[in-house]
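Structural features, examined
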Amino acid sequence: MPALFNDLRYALRMLAKRPRTTLVAIFTLALAIGLNTSIFSAVYASLLRPLPFSEPDELMIVLESQPDIERLAVPYPNYLDYKAENTSFETLGAMSVAGMTVTGLGNPEHLLVELHSHDLLPAFGVEPALGRAFLPEEDAPSGARAVLLQHSFWTRRFASDPDVVGQKLTIDSNEWTIVGVMPEGFKTLFPCELLIPLGTRAAEPLFRDRAARPEVYLIGRLKDGVSEAQARADLLAISDGLAQRFPEEHGASRPLLRPLQEELAEPLRGGLLLLLAAVTCVLLIAASNVANLMLERAMTRQKEMLVRAALGSGRWRLIRQLLVESVLLAMIGGAAGLLLALWGVDLLVAMGPRTLGGLSGPLTINGPVLLYTLVVALGTGLLFGLWPALYASRQDLSQALKESDHHASAGASRLRARGLLVVGEVALAVALLIVAVLSIRGLNQAHQVELGFEPQRLLMAGLSATPVPDAPPATAMQFWDEALRNVLAIPGVEAAGWSATAPLVTDQLEQFLPPGVEASPENMRSAITYLVSPGFIETLDVPLLAGRTFGSQDVAGTTPGLIVDQEFADAFFPDQNPIGQRVRDKLSGLPSVEIIGVVGHVRQAGADAPEKIPYQMYYAFAQLPETSQQQVRLIFIHMVVRFTGSIEDIIEPLRSAVAAADPTQPVFALGPYSDHVDRSLMARRSIGGLLGLFAALALVLAVIGLSAVMGNVVVQRTHELGVRIALGAQPRAVVGLVIRQGMTLVGAGIAIGMLGAYALSRTIATLMPGSVDETDLMSYLAVALALGVFGLAATYLPARRATRVDPMVALRQG
Amino acid sequence: MRPASAEPPPLIRLTGLSKVFRTDELETLAVADVHLEIPRGHYVCIAGPSGSGKTTLLSLLGLLDTASAGTYLLDGETVTGLSASARARTRCERIGFVFQSFNLIGDLTVSENVELPLTYRAMPTAERRRRVAAALERVGMSHRARHLPSQLSGGQQQRVAVARAVAGEPALLLADEPTGNLDSKNGDAVMELLRELHRAGTTIVMVTHNPDYARHAERTIHLFDGRVIEEDARARAV
Ligand SMILES: Nc1ncnc2c1ncn2[C@@H]1O[C@H](COP(=O)(O)OP(=O)(O)OP(=O)(O)O)[C@@H](O)[C@H]1O
Ligand SMILES: [Mg+2]
């Protein structure tokens with residue numbers, strides 16, 4: 001131990017002796033380690049940190065799959081069966097989500113409300129901070145109306161009133177009793193502000209239909225000792241039973257069981273792993289740079305090592321001394337990196353995807369992140385210290401004497417070692433740059449992909465789906481239509497319409513039977529379905545390709561017609577005129593519905609998202625039978641408005657127009673439609689931006705490393721270059737010699753990097769389909785060229801220095 | 001001195017050649033006002049105590065350094081004031097060097113080392129090969145052509161260095177203490193090699209401390225504090 005202490009003291013002295021190299025090394029390490037710590041804090045929070053519930057690895061989410069769709073919500077009656085029949089779950093709860101309007105607290109406010117089965121909070125292991133959870137009798141259609149407030153809503157609307165429990169809240173015109181307040185930061189699947197019992201909905205047609213999927217998600221806690229696979233088999237057996245009893249509704253569905261944590265982390269996993277790979281590259285490049293510095297130092301200390309060896313120091317002792325130095329350096333770098341990371345985490349939160357951190361809350365530098373930093377710093381220190389240490393401790397006395405005495409400029413091996421480092425650095429930088437360029441290009445292409453509608457000069461406003469509680473949909477429609485008529489009268493409004501769902505905002509799937517196929521549950525296909533008012537299609541500027549769109553004649557009581565998109569028409573009526581063809585569906589209430597129009601295809605999930613469901617259908621909401629109107633899940637009504645002039649001149653008149661239809665109704669989610677386009681690209685744009693940033697950093701570090709190595713190569717080769725000049729080499733030849741040496745390394749690095757980039761981008765293409773085109777040769781060549789130019793610049797200055805080598809070194813012995 | 005009339009111009013003619021080194025506060029007159037003529041084919045030795053300017057004078061003769069004052073005519077042409085690249089060309093075409101510390105390049109084989117100065121000239125590959133082989137033959141190192149310098153003894157390295165110096169058939173061969181790092185046996189062998197080259201007509205200027213080797217030369221120039229203080233010429237041995 002005292003020996004180690006001595007080593008440490010000596011190491012500190014050695015670091016202090018060369019303050020400039022030491023500072024450069026510490027700064028480089030701090031930057032790279034800080035970057036790694038920041039990204040890891042996001043990886044940890046989003047992918048690894050246990051969910052903030054008790055024994056979170058027992059929590060599972062249950063969805064259903066159909067042949068053409070992997071993830072679907074579960075029909076409510078199925079939930080009741082899964083719940084009753086399973087033997088695997090301690091509790092199997094369910095949750096849904098709805099938009100509801102709160103009045104009586106000043107301005108009417110439209111809020112996202114989570115609907116929980118009464119056993120869901122106990123399943124999570126969460127108790128309200130104030131009051132109590134739902135009682136079983138409240139979780140029923142006729143139960144007393146009980147509501148739980150989210151902590152933020154309680155603070156915002158009730159000023160954290162401690163006596164809030166027992167007070168009343170008017171939601172969708174009904175009185176609800178506040179039974180409790182959730183703990184601060186409680187969040188599961190949706191950013192909701194209120195919680196009500198799911199069972200209050202159980203009597204609604206939508207919740208009694210085995211074919212309807214009103215966004216019900218099952219979340220359960222496994223019994224002790226029951227494995228995921230056992231639970232899966234259990235659910236599958238129940239599902240098979242359902243399929244036999246309800247072949248029509250359930251024949252093609254299967255349950256899908258996944259750990260809740262994994263399911264929640266899914267959307268971020270690919271991007272975060274990519275960023276982690278990127279910062280690992282940056283770290284490796286930084287470590288190579290520091291290894292170069294240490295190697296250089298080690299070489300200048302060969303004599304010292306020689307003396308130490310001569311004095312009887314064993315090889316391990318020498319290695320330890322050097323390792324203590326490099327690890328010390330890495331630890332100082334790591335500590336500085338940690339400070340940088342404090343700021344880096346803020347940057348990440350500002351630049352990164354909004355969902356970063358998931359349920360477990362904001363990113364922090366916590367225990368595991370600290371541990372990671374420590375391991376990374378230690379590993380880096382050993383990584384960049386070991387090689388130089390092994391090198392410097394290699395004592396070949398005879399060779400050393402021969403070299404210094406005879407000046408046969410040797411040391412080729414040590415130059416080769418450093419050359420390898422440079423090749424590695426350049427390769428990493430090239431790979432990272434190519435991947436960044438591919439990602440950014442992919443992103444730009446996504447921007448240019450036709451959305452199928454025109455989001456500019458378009459505005460969206462949300463209206464309540466249930467303006468009059470417990471009234472038939474026709475009553476609600478009167479409000480939507482009157483609001484629409486008032487909006488159309490506003491000067492500057494060119495067109496307007498409403499729909500139950502809208503591209504990039506919400507979606508709805510309905511089934512149909514492809515023509516010419518035998519009617520069976522497995523043969524049913526899903527289509528993205530819009531239930532619209534006349535004018536909606538025109539307002540979005542979706543082109544009409546054949547037939548007609550909905551007009552003022554398509555009112556309640558007329559025969560429903562169907563408008564399909566081009567994909568639908570091309571797929572099922574390739575050689576026929578689709579107009580007048582009939583399709584078997586579920587919503588029209590008819591044996592089959594007639595196609596009256598074909599419109600262009602719309603990118604429902606945004607320009608960059610892969611389209612899992614290619615087909616689209618439009619119905620006029622007014623034409624649907626009341627049972628169908630009641631069966632569709634309405635979160636809110638999307639009113640779209642195409643305008644001329646400035647958006648500010650529209651917003652206030654629009655609010656007034658809606659108020660004129662019903663002054664108690666809020667207008668929410670009001671804003672330019674292009675916001676939704678931007679949001680759909682947000683996650684990838686921020687990942688692309690960060691990737692670009694890291695790649696630029698990698699490039700800078702690699703160029704610094706290259707030019708440092710080449711500078712050192714010139715120093716190492718001074719004697720040889722002097723001899724060459726003495727023998728008559730022209731300055732040009734000497735420059736060429738050094739540049740050739742540098743560019744050989746750069747070239748090898750570029751070649752390896754390009755191969756690496758191909759492998760990496762192929763992986764990315766499978767992780768995030770459609771995000772990169774791994775065969776985009778132009779990007780590879782552009783990056784290779786850029787690296788070539790940077791490499792040339794980095795070797796040129798040292799090469800120029802080489803021509804100034806004094807040939808007198810050949811005569812005078814150093 | 002040999003009569004100069006009707007002879008071609010001497011290979012080297014120095015008039016008032018001086019070299020001043022200026023360091024921070026010190027001015028060193030390393031070569032001071034040297035007048036010297038060396039006819040073609042002569043074997044000249046430069047002697048003098050340490051620090052007397054021998055290496056400096058040799059570096060001026062070899063165009064490795066430029067004089068502070070005076071003129072230097074090489075083969076009748078003035079070479080003072082040539083550009084760095086012109087000096088480089090002159091070096092590789094007309095001057096060969098043998099250094100005390102051999103200065104073979106460790107990464108290159110014996111034959112590549114010998115070939116090195118030839119690669120700085122425009123010369124067909126076949127011609128280059130022929131000359132390398134001939135030079136190695138001359139110094140008796142043909143059997144080691146593929147070896148690296150580190151695999152050779154000091155004496156062998158110096159023989160390779162001599163081969164490198166003469167492969168280009170230079171008009172002038174400069175050697176700075178070529179035996180300084182060798183034992184007497186190896187030193188003798190190298191000196192014998194130089195004598196053979198001289199017999200074959202090469203002009204040699206050599207710095208040496210060893211009076212025995214100095215006797216090989218036809219003429220010894222004694223330097224002291226950068227000045228020529230004494231010359232003794234002997235009759236040519238052959
Ligand atoms: N680059 C230089 N800068 C300053 N002074 C120098 C330089 N090179 C040589 N000198 C000085 O010039 C003088 C002559 O040096 P030179 O190397 O020519 O001596 P030398 O006769 O070859 O000695 P030795 O027998 O020890 O090799 C010395 O005083 C030396 O200190
Ligand atoms: Mg000398």
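Just so it is clear, the structure is predicted and the values come from calculations on it, not from any experiment.

Looking at the overall build of chain A
In terms of regular secondary structure, chain A is built from 23 helices and 22 strands. If you line up chain A on its principal axes, its C-alpha atoms span 110 × 60 × 55 Å. Taken across its 814 residues, chain A has 56% of its residues classed as buried. For chain A, restricting intrachain contacts to residue pairs at least 6 apart in sequence, the fraction spanning at least 24 positions comes to 81%. Of the roughly 33500 Å² of accessible surface on chain A, 60% is carried by carbon and sulfur atoms. In chain A, which carries 63 positive and 76 negative side-chain charges, the distance between the mean positions of the two groups comes to 18 Å.

Here's the deal with helix 4 (residues 125-139) of chain B
Residue and element names in this part refer to chain B. Here helix 4 spans 21 Å end to end across 15 residues, near enough to the 21 Å set by a 1.5 Å rise per residue. Regarding helix 4, the residues found buried are Arg 128, Arg 131, Val 132, Ala 135, Leu 136 and Val 139. The buried residues of helix 4 occupy one face: seen down the axis, they fall within an arc of 130°. Relative to its buried face, helix 4 has exposed residues pointing more than 90 degrees away, namely Ala 126, Arg 129 and Glu 137. Residues of helix 4 that are buried make contact with helix 3 (110-119), helix 5 (154-167) and helix 6 (184-199). Gly 140 sits one or two residues past helix 4 and shows a positive phi near 70°.

Focus on the interface of chain A and chain B
With 26 residues of chain A at the interface, the matching set in chain B holds 33 residues. Across the chain A-chain B interface, the total number found is 0 salt bridges. The interface formed by chain A and chain B includes 5 residue pairs in polar contact (both at pLDDT 80 or more). Residue assignment for the side of chain A that touches chain B shows that the elements contributing at least two residues are helix 13 (397-406) and helix 21 (718-726) of chain A.

Some thoughts on a nonpolar patch on the surface
All names here are of chain A. Taken together, the side chains of Leu 340, Trp 343, Leu 347, Met 351 and Leu 693 make up a nonpolar region of the molecular surface, amounting to roughly 450 Å² of accessible area. Take the nonpolar patch: its biggest share by element is 4 residues, from helix 11 (residues 315-351). Among the structural elements, Leu 347 can be located in helix 11.

Some words on the nonpolar core
Leu 329, Phe 384 and Phe 694 of chain A together with Ile 12, Leu 14 and Tyr 72 of chain B are the most contacted members of the largest nonpolar core, which has 134 residues in total. Examining the composition of this core, we find that 18 residues originate from one element, helix 9 (residues 260-300) of chain A, more than from any other. Setting aside anything within four residues of it in sequence, one finds Phe 384 of chain A in contact with Leu 29, Ala 287, Val 290, Ala 291, Met 294, Ser 326, Leu 329 and Ala 330 of chain A. Of all hydrophobic cores here, the second largest spans 55 residues; its members include Phe 124, Ile 219, Leu 256 and Tyr 530 of chain A.

Looking at the domain arrangement of chain A
Put simply, an interface is often sized by how much accessible area is lost when its parts join up. When the domains of chain A are assigned, the result is domain 1 (2-38 + 274-445 + 682-813), domain 2 (68-251) and domain 3 (458-678). One C-alpha centre belongs to domain 1 of chain A, the other to domain 3 of chain A, and the line joining them spans 57 Å.

Quick notes on the sheet that holds strand 5 (residues 77-78) of chain B
All names here are of chain B. Here 4 strands make up an open sheet; going across it, the order is 2-1-4-5 and the pairing antiparallel. Both outer strands of the open sheet, strand 2 (27-38) and strand 5, are each paired with one neighbouring strand and no more. Bridging between strand 1 (residues 12-22) and strand 2 involves 8 bridges; their strand directions are antiparallel. Paired with Leu 14 across the strands is Leu 36, a residue of strand 2. In this fold helix 1 (residues 54-61) packs onto strand 1, strand 2 and strand 4 (69-74), with an angle of close to 120° to the strand it touches most, strand 1.

Observations concerning helix 2 (residues 84-94) of chain B
Residues of helix 2 of chain B that are buried include every one of Ala 86, Arg 87, Ala 88, Thr 90, Arg 91 and Cys 92 of chain B, and no others. On its buried face, helix 2 of chain B is in contact with helix 21 of chain A together with strand 4, strand 6 (95-98) and helix 3 of chain B.

Section: the site of ligand 1
Within the structure, ligand 1 sits among 15 residues, and Arg 812 of chain A together with Ser 50, Lys 54, Thr 55 and Thr 56 of chain B are positioned closest to it. At the site occupied by ligand 1, the surrounding residues belong to chains A and B. Take Gly 51 of chain B: an N or O atom from its main chain is 2.8 Å from an oxygen atom of ligand 1. Interatomic distance of 2.7 Å between a side-chain N/O atom of Lys 54 of chain B and an oxygen atom of ligand 1. Summarising the interface, the protein chains cover 68% of the accessible area of ligand 1, which totals 630 Å² for the free molecule. If you tally residues by element for the shell around ligand 1, the top one is helix 1 of chain B, at 3 residues. Across the shell around ligand 1, the residue classes tally to 3 nonpolar, 9 polar and 3 charged.

Observations concerning a negative patch on the surface
Taken together, the side chains of Glu 55, Asp 57, Glu 90 and Asp 224 of chain A make up a negatively charged region of the molecular surface. For Glu 90 of chain A, the location among the structural elements is in strand 3 (residues 89-103).

What to know about the packing of helix 20 (residues 674-716) of chain A against helix 23 (residues 777-803) of chain A
Residue and element names in this part refer to chain A. It is the contact of helix 20 with helix 23, at a shortest axis distance of 9 Å, that shows an interaxial angle of 25°. Overall, the two elements helix 20 and helix 23 adopt an arrangement that is roughly parallel. The chirality of how helix 20 crosses helix 23 is right-handed. Of helix 23, the residues touching helix 20 (which contributes Leu 699, Val 703, Leu 706, Ser 707, Met 710, Gly 711 and Val 714) are Leu 787, Phe 790, Gly 791, Ala 794, Thr 795, Pro 798, Arg 801 and Ala 802.

Observations concerning the packing of aromatic side chains
Residue and element names in this part refer to chain A. Considering all chains together, one arrives at 21 aromatic pairs over all chains under this definition. Ring plane angle 5° and centroid distance 3.8 Å describe the contact between Phe 40 and Tyr 372, whose orientation is recorded as stacked. Placement of Phe 40 in helix 2 (residues 19-48) and of Tyr 372 in helix 12 (residues 367-393) is noted, with a sequence separation of 332 residues between them. Phe 40 sits in the buried class, given a relative accessible area of 11%. With centroids separated by 4.8 Å and ring planes inclined at 45°, the aromatic side chains of Phe 512 and Phe 568 adopt a geometry described as tilted. Taken together, the residues span a long stretch of sequence, with Phe 512 in strand 14 (residues 509-513) and Phe 568 in helix 17 (residues 566-572) at a distance of 56 residues. With a relative accessible area of 0%, Phe 568 lands in the buried category. Among the aromatic residues, those joined into a ring-pair cluster are Phe 512, Phe 568, Phe 572 and Tyr 615. Against the face of Trp 176 rests Arg 145, its NZ or CZ located 5.9 Å from the ring centre.

Remarks on the environment of Arg 317 of chain A
All names here are of chain A. Tracing the sequence through the fold places Arg 317 in helix 11. The partly exposed category is assigned to Arg 317, whose relative accessible area is 31%. Remark: the alpha-carbon pair of Arg 317 and Ile 725, spanning 408 residues in sequence, is separated by 42 Å. With sequence-adjacent residues up to four places away left out, Arg 317 is seen in contact with Ala 3 and Asp 7.

Description of the confidence of the model for chain A
When pLDDT is averaged along chain A, the result is 86; 93% of the residues meet or exceed 70. In the predicted structure, residues 397-410 of chain A sits below a pLDDT of 50 and forms 32 contacts with residues beyond four places in sequence or in another chain.

Observations concerning the pairing of strand 7 (residues 172-176) of chain B
All names here are of chain B. Of all 5 residues making up strand 7, 5 are buried, and the element is well covered by its neighbours. The two faces of strand 7 match: Leu 172, Leu 174 and Asp 176 on one face and Leu 173 and Ala 175 on the other face are all buried. Pairing of strand 6 with strand 7, which is carried by 4 bridges, proceeds in the parallel orientation. Bridge assignment links Phe 97 to a residue of strand 7, and that residue is Leu 174.

Points about the packing of helix 2 of chain A against helix 12 of chain A
Helix packing for two helices is described by the angle between their axes and how far apart those axes are. All names here are of chain A. Packing of helix 2 against helix 12 leaves a shortest axis separation of 10 Å and a crossing angle of 145°. Crossing of helix 2 over helix 12 shows right-handed handedness. Note on element contacts: helix 12 touches helix 2 through Pro 368, Val 369, Tyr 372, Thr 373, Val 376, Ala 377, Thr 380 and Phe 384, opposite Leu 29, Ile 33, Asn 36, Thr 37, Phe 40, Ser 41 and Tyr 44. Taken together, the residues of the contact of helix 2 with helix 12 sort by class into 10 nonpolar, 5 polar and no charged.

Brief notes about unusual backbone geometry
Residue and element names in this part refer to chain B. Even without being glycine, Asp 33 reaches a positive phi, approximately 50°. Tracing the backbone shows Asp 33 in strand 2. Given the relative accessible area of 45%, Asp 33 is considered partly exposed. For Leu 63, which is not glycine, the phi torsion reads 60° and is therefore positive.

A word on the confidence of the model for chain B
For residues with low pLDDT, the predicted coordinates do not support detailed interpretation. Taken as a whole, chain B shows an average pLDDT of 87; of its residues, 94% reach a score of 70 or greater. As a predicted assembly, this complex carries a pTM of 0.75 together with an ipTM value of 0.83.

Observations regarding the pattern of salt bridges
Residue and element names in this part refer to chain A. All chains considered together, the criterion is met by 36 salt bridges over all chains. Between Glu 204 and Arg 201 there is a salt bridge; the shortest N-O distance is 3.2 Å. Notably, a salt bridge pairs Glu 262 with Arg 258, separated by 2.9 Å at the nearest N-O pair. For Arg 258, a relative accessible area of 14% gives the class buried.

Criteria and thresholds
Residues numbered from 1 in each chain as written. Chains lettered and ligands numbered in written order. Predicted model: local features only at pLDDT ≥ 70, side-chain atom pairs only at ≥ 80, totals over all residues. Heavy atoms only, no water. Helix = DSSP H or I, 4+ residues; strand = E, 2+ residues; numbered from the N terminus. Buried < 20%, exposed > 50% of the residue type's maximum accessible area, 1.4 Å probe, protein only. Contact = heavy atoms within 4.5 Å. Areas by Shrake-Rupley, 256 points an atom, 1.4 Å probe, with all protein chains shown as cover. Lys, Arg positive; Asp, Glu negative; His and termini not counted. Charge placed at Lys NZ, Arg CZ, Asp CG, Glu CD. Expected span 1.5 Å × (residues − 1). Arc of directions from axis to C-beta. Salt bridge = Lys/Arg side-chain N within 4 Å of Asp/Glu carboxyl O. Polar contact = N/O pair within 3.5 Å; in protein donor to acceptor, adjacent residues only side chain to side chain. Patch = residues over 30% accessible without salt bridge, like charges linked within 9 Å, V, L, I, M, F, W, Y side chains within 5 Å. Core = buried A, V, L, I, M, F, W, Y, C linked by side-chain atoms within 4.5 Å. Domains from an automatic or database assignment. Pairing = 2+ DSSP bridges. Axes fitted to C-alpha atoms, helices over the stretch in contact; angles between N-to-C directions. Near = heavy atom within 4 Å. Nonpolar A, V, L, I, M, F, W, Y, C, P; charged D, E, K, R; others polar. Parallel < 35°, antiparallel > 145°, perpendicular 65-115°, else oblique. Left-handed = near helix turned anticlockwise from the far one by under 90°. Phe/Tyr/Trp six-rings, centres within 6.5 Å; stacked < 30°, edge-to-face > 60°. Lys NZ or Arg CZ within 6 Å of the ring centre and 35° of its normal. pLDDT = per-residue confidence, 0-100.

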